[in-house]
Amino acid sequence: MPNELKILRELQTYDTKIIKERDIIDNIPKKISEYELPYKEALMNIEKKKKDVESALKQKRDLELNLKEIADNIDKQKARITSLKTNREYSTHIKEIEKIEADKSKLEDKLLMAMENVDKLNKEAKEAEKTLGLEKKKIEEKKKFLEQDQIDLTKDLKSLLSKRNKLAKTLDRTIYNQYMDLLENKYGLAVVEVRDEVCHGCNLNIQPQIYAEVIKNERLHRCLQCGRYIYYDHEAANQK
Ligand SMILES: [Zn+2]
């Protein structure tokens, strides 16, 4: 195998790894913000619950005030009874008091419901607080892992890059520039295997006489269709 082909294949192996690692590193902030979503939702939920509790408390207070006014009114009306002169006045007045008392009873039912509502919402708010705490813990753990991944991968990437650049220097400049062009324009794949007369870069057939030449691995070949450097891997082909 010509030395250039050996270097090109090694270079492609490095660059494939480098592209993959860069992609993973670039995706880490996105992953972190995805993980943060349930936490943010829990935060929004707790704010909503707090508002719900506040408005339920206000409703309860309003009802209590209302009830107090009615109770005062009943006391006032009852105090008037002794000053009434006729039976007719008396019975009309009693009816009036009964009506107010019926309203009071309705309000009392409403107040009971409002109190139950406050209890229920308080419980829900506490639950939401618990969920928020759990989500916070979860995201902190996940973040720690991802940040460690980022550190490890960045270190690994640095070492890969230094090895790769050292290797790249040993390659003929013209070939290297062609390789870099291909890497950039052919989705990070500049050196590919051919097998069964097919280029694994573009998946098109290689002409039989060129294929026979490539199998010999005696000099550099490029795919006539996609332009990528091509090689035949005897070892891999035999393992099939
Ligand atoms: Zn091709």
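Residues numbered from 1 in each chain as written. Predicted model: local features only at pLDDT ≥ 70, side-chain atom pairs only at ≥ 80, totals over all residues. Heavy atoms only, no water.

A.B. asks: Even after reading the chapter, I still don't get the coordination of the zinc ion, so can you show me in this structure?
C.D. replies: Octahedral metals with six donors have ideal donor angles of 90 or 180 degrees. Tetrahedral metals with four donors have an ideal donor angle of 109.5 degrees. Within the protein, Cys 199 (SG), Cys 202 (SG), Cys 223 (SG) and Cys 226 (SG) serve as the donor atoms for the zinc ion, at 2.3 to 2.4 Å. All donors of the zinc ion come from a single chain, and their spacing in sequence reads C-x2-C-x20-C-x2-C. Separated by 24 residues along the polypeptide, Cys 199 in strand β2 (residues 198-199) and Cys 223 in the loop between β3 (221-222) and β4 (229-231) bring together distant segments of the chain. (Donors = N, O, S within 2.8 Å, 3.2 Å for Na, K, Ca; no water. Helix = DSSP H or I, 4+ residues; strand = E, 2+ residues; numbered from the N terminus.)

A.B. asks: Looking at this model, I keep getting lost on the side chain of Glu 21. Mind explaining?
C.D. replies: Mapped onto the secondary structure, Glu 21 falls in helix α1 (residues 3-80). Buried and unpaired, Glu 21 has Lys 17 as its nearest opposite-charge partner, separated by 7.0 Å. Excluding residues that lie within four positions of it along the chain, Glu 21 makes contacts with Leu 153, Asp 156, Leu 157 and Leu 160. (Buried < 20%, exposed > 50% of the residue type's maximum accessible area, 1.4 Å probe, protein only. Lys, Arg positive; Asp, Glu negative; His and termini not counted. Salt bridge = Lys/Arg side-chain N within 4 Å of Asp/Glu carboxyl O. Contact = heavy atoms within 4.5 Å.)

A.B. asks: I keep staring at the environment of Glu 41 and nothing clicks. Help me out?
C.D. replies: Tracing the chain through its elements places Glu 41 in helix α1. Judged by relative accessible area, which is 53%, Glu 41 ranks as exposed.

A.B. asks: What am I meant to see in the domain arrangement of the protein chain here?
C.D. replies: The accessible area lost on association of the parts is a frequent measure of interface size. Structurally, the protein chain comprises domain 1 (25-164) and domain 2 (174-239). A separation of 67 Å is found between the C-alpha centroids of domain 1 and domain 2. (Domains from an automatic or database assignment.)

A.B. asks: Honestly, the packing of aromatic side chains in this entry has me stumped. Any pointers?
C.D. replies: Aromatic ring pairs are defined here through the distance separating the ring centres and the angle between the ring planes. Tallying each qualifying case throughout the model produces two aromatic pairs. Taking 6.4 Å as the distance between ring centres and 25 degrees as the angle between the ring planes, the aromatic pair formed by Tyr 176 and Tyr 179 counts as stacked. Taken as a pair, Tyr 176 and Tyr 179 lie in helix α3 (residues 173-185) at a separation of three residues, close to a single helical turn. Judged on exposure class, the residue Tyr 176 and its partner Tyr 179 are both buried. Judged by centre distance (6.1 Å) and plane angle (85 degrees), the ring pair of Tyr 211 and Tyr 232 falls under edge-to-face. With Tyr 211 in helix α4 (residues 208-216) and Tyr 232 in the loop between β4 and α5 (234-239), this pair connects stretches of sequence that are 21 residues apart. Residue Tyr 211 shares its accessibility class with Tyr 232, and that shared class is buried. Across the ring face of Tyr 231, the terminal group of Arg 9 is positioned such that the distance to the ring centre comes to 3.8 Å. Positioned above the aromatic ring of Tyr 229 is the side chain of Arg 222, whose terminal nitrogen or guanidinium carbon lies 5.2 Å from the ring centre. (Phe/Tyr/Trp six-rings, centres within 6.5 Å; stacked < 30°, edge-to-face > 60°. Lys NZ or Arg CZ within 6 Å of the ring centre and 35° of its normal.)

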